[in-house]
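Coordinate analysis (summary)
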Amino acid sequence: MRRTFLLEIVMIAVAVAFLFPVYSLVSLSLKDPGQISRSPLALPDPPTFDNYGSAWSAAALGPSLVNSTVITVVSLVALIALGSFAAYFLARVQSRLGYGLYILFLLGIVLPFQLGMIPLYELVSDLGLIGTHTGMILFYTGIQLPFTVFLYTGFIRALPREYASAAQIDGASHLTAFTRVVFPLLRPITGTVLILNAVFIWNDFFTPLVYLGGSGYETVPVSVFAFVGQYVSDHGLVFAGLVLGALPIVVVFLALQRYVIKGFSSGLKG
Amino acid sequence: MTAGRSRPAHRGARRRFSAASPPWLFAAPALAVYALVVLYPAISGVVYAFTDWSGIGQDMSFVGLANFRTLLGDEQAMGSIGNTLLLTVAIVAVQNGVGLLLALGVHARLKSRALLRVIFFSPVVVSPVMVAFLWKYIYNPDPSAGLNGLLGLHVDWLGDPSVALWSIAGMVVWQYAGYSMVIFLAGLEGVPRELHEAAMIDGAGTFQRFRYVTWPLLAPAVTINLMLSTIGGLKLFDQIFAATNGGPGYATETLSTVLYKQAFVFGKFGYSTAVALVLALFVAAVSLVQVYYLRRREVTA
């Protein structure tokens, strides 16, 4: 079809324009300062990988990667466990109180976290959790629960009740019916919950800056922020640091990206 | 969202089992963490908004509405409300417009559509702070580099007070248009092909089919997209903090940057929390109005 072909050309052109910032990022990270000032837009010629080695050590990315990974993975496990259990109750309960509780959770999507920012800091500090992984995990689990519960509840509402009922007729408890029968059916939405929360937690900047700044437990965005501040004029070096900082989450996304669209479409139908 | 798939009628012995809901204990752990991390601090925040707390020690007293009166007389803070609203309107309109066009484009049977979807969505997964640093370079005033070099312009994107706010909106749209696209795409995939074929047989053109078949069925996706982008726009912080920190002058100052500075630069925690409360009320009011109107449209569509 001629029209499809034309649309394809247009969309590819849009994608190329859209990728200009990414091109700048990668090409500058492969240039030395002389090349950058002489020909900022040209392809790196010849490309140099020196920036990457220097950025890796200057930004102290090794330890930050470990911190980010620990905080993100444990928070995700907590979010998926707590969120799916709560959503199973909220999607199935048929009382005003249950509906009110659902609305109470949704309120958390709307509230700007800044409203509770300072009292929460006090609370975390009273618990002795400033500058610890536990404090960050507790924070992310709480702050991302509303969105997680929202996604799970929509999905579970669209699932027929009969699966769980059948298991219960066979003598299974609510808990067994959920963990053995319902939870495996939630795979597409769990994929979506996983990616969207991973992206948020891995990339969050402000909270770890306030809670972890100077503790030695900094996450990747905080380390990159400090690193950029220090080498602000050396764009090759700074951009190599940005590429290294963004790479882990981009790789995870590419590996799991098919779940994003699938999960969204099932969530919308719910 | 639509009413959902209709469930088959429950019959006989099954009814008792399907009506039995899981017990409260299923929601209790989530509720406990949510209350501790979100609800309790937010309620305390509302209380702090009426004090003159400086953030050090227990030394605070209630000052009634004084913080809100200060806000009304604070030219910079009032200007930031205007900036917040302008920025949000720009982001909501352009991000969703572009997102919808992209979704329509990659929904068609293109050979490259799987790759195009991944390309348009990928900026979403990169840290907003890092995207801001990248765009700070893209927006640099040097006529031979970045966007100026590409387009042959001489604009000081982030340094010119009359342009800076729109430049911020531009980088946000670049990062999140793919997010809107994915949600619209999910909506488009729920539109039955038979409806399009029937409309085509009736002689409807491409635009008419979009207007009378696709658009009404996209209503749930429109609701979610408008809500998420509005809330995101009103709360926007990281990008501004890293790219302009509210400048030049106060050109990109928003409620988020003002409340940050009042707390962490000037130590006025009570006042900062009052600004946060105003922001929360804005977000709540806009969301409520949107839910009300958009939901009604979904029902009648």
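Chain A carries the name Carbohydrate ABC transporter membrane protein 2 (CUT1 family) in an unreviewed UniProt entry, which gives Nonomuraea polychroma as its organism. What the UniProt record of chain A gives under Subcellular location (unreviewed entry) is the line "Cell membrane". UniProt, in its Sequence similarities (unreviewed entry) section for chain A, records the words "Belongs to the binding-protein-dependent transport system permease family."

This next bit is on the nonpolar core. Core analysis: the biggest nonpolar cluster contains 173 residues, and Leu-186 and Leu-242 of chain A together with Phe-120 and Ile-168 of chain B have the highest contact counts within it. Examining the composition of this core, we find that 15 residues originate from one element, helix α8 (residues 164–189) of chain B, more than from any other. Residues lining this core come from more than one domain, with at least three contributed by each of domain 1 (1–47) and domain 2 (55–267) of chain A. Residue contacts for Ile-168 of chain B: discarding those within four places in its chain leaves Leu-87, Leu-158, Leu-236, Ile-240, Ala-243, Thr-244 and Thr-252 of chain B.

Take the interface of chain B and chain A next. Listed by partner, the interface residues are 101 residues for chain B and 93 residues for chain A. Here chain B meets chain A over a buried area of about 8,700 Å², counting both sides, of which 79% is carbon and sulfur. Here chain B and chain A share 15 residue pairs in polar contact (both at pLDDT 80 or more) between them. A total of 16 residues in the side of chain B that touches chain A trace back to one element, the largest contributor, which is helix α2 (residues 28–48) of chain B. Residue composition of the side of chain B that touches chain A, by class: 72 nonpolar, 20 polar and 9 charged.

All names here are of chain A. Under the feature "transmembrane region" (unreviewed entry), the UniProt entry names residues 5–26, 70–90, 97–117, 137–160, 181–202 and 237–256. In residues 137–160, helix accounts for 88% and strand for 0%; the two terminal C-alpha atoms are 34 Å from one another. Between the C-alpha atoms that bound residues 237–256 the distance is 30 Å, and the span itself is 100% helix and 0% strand.

Residue and element names in this part refer to chain B. Mapped onto the fold, Asn-140 is located in the loop between α6 (128–138) and α7 (146–151). At 2.7 Å, the side chain of Asn-140 and the backbone oxygen of Tyr-137 are in polar contact. Setting aside its immediate chain neighbours within four residues, Asn-140 contacts Ala-145, Gly-146, Asn-148 and Trp-157.

Moving on: a nonpolar patch on the surface. All names here are of chain A. A cluster of nonpolar side chains, Leu-19, Val-22 and Val-26, forms an exposed patch at the surface whose accessible area comes to about 180 Å². Looking at the element boundaries, Val-26 is found in helix α2 (residues 20–29). The class for Val-26 is partly exposed, based on a relative accessible area of 37%.

Next up on the list: the packing of helix α10 (residues 174–185) of chain A against helix α11 (residues 187–203) of chain A. All names here are of chain A. Between α10 and α11, whose axes approach to 5 Å, the crossing angle comes to 70°. Considering their axes alone, α10 and α11 lie roughly perpendicular with respect to each other. Seen from α10, the contacting residues are Phe-183, Pro-184 and Leu-185; seen from α11, they are Arg-187, Pro-188 and Thr-190. Split into classes, the residues belonging to the contact of α10 with α11 amount to 4 nonpolar, 1 polar and 1 charged.

Basis of the calculations
Throughout this document, residue positions are counted from 1 along each chain, in the order its sequence is written. As a convention, the first chain written is A and the first ligand written is 1, with the rest following in written order. Local features in this predicted model are restricted to residues of pLDDT 70 or higher, and side-chain atom pairs are both shown and tallied only at a pLDDT of 80 or more, whereas totals for entire chains, interfaces and linings draw on every residue. The side-chain quantities take in all heavy atoms of the structure and omit both hydrogens and water. UniProt positions are given in the numbering used here, feature names are shortened, and annotations may be inferred rather than shown by experiment. Residues belong to a common nonpolar core when they are buried Ala, Val, Leu, Ile, Met, Phe, Trp, Tyr or Cys residues joined through side-chain atoms within 4.5 Å. Burial classes: relative accessible area under 20% of the type maximum marks a residue as buried, over 50% as exposed, and values in between as partly exposed (1.4 Å probe, protein chains only). Each helix is a run of H or I in the DSSP string that is no shorter than four residues. Each strand is a run of E no shorter than two, and both are numbered from the N terminus. The split of the chain into domains comes from an automatic or database domain assignment. For this analysis, residues touch if any pair of their heavy atoms sits within 4.5 Å. Throughout, the accessible surface (probe 1.4 Å) given up by two parts as they are put together, summed over both, is called the buried area. Any pair of N or O atoms that falls within 3.5 Å is considered a polar contact. Within protein, one atom must be able to donate a hydrogen and the other to accept it, and sequence-neighbouring residues count only if both atoms are side-chain atoms. Polarity classes work like this: nonpolar for Ala, Val, Leu, Ile, Met, Phe, Trp, Tyr, Cys and Pro, charged for Asp, Glu, Lys and Arg, and polar for all others, with Gly in that last group. In this scheme, patches are assembled from residues that exceed 30% relative accessible area and form no salt bridge. Like charges are connected within 9 Å, while nonpolar side chains (Val, Leu, Ile, Met, Phe, Trp, Tyr) are connected within 5 Å. Here the Shrake-Rupley method, with its probe set to 1.4 Å, supplies the accessible areas, and only the displayed protein chains count as covering residues. Just to be clear on terms, a salt bridge is a Lys or Arg side-chain nitrogen sitting within 4 Å of an Asp or Glu carboxyl oxygen. In this analysis, axes come from line fits to C-alpha atoms, helices being fitted only over the stretch in contact, and the angle between any two N-to-C directions falls in the range 0 to 180 degrees. Comment on the angle field: the value is read as roughly parallel under 35 degrees, roughly antiparallel over 145, roughly perpendicular from 65 to 115, and oblique elsewhere.

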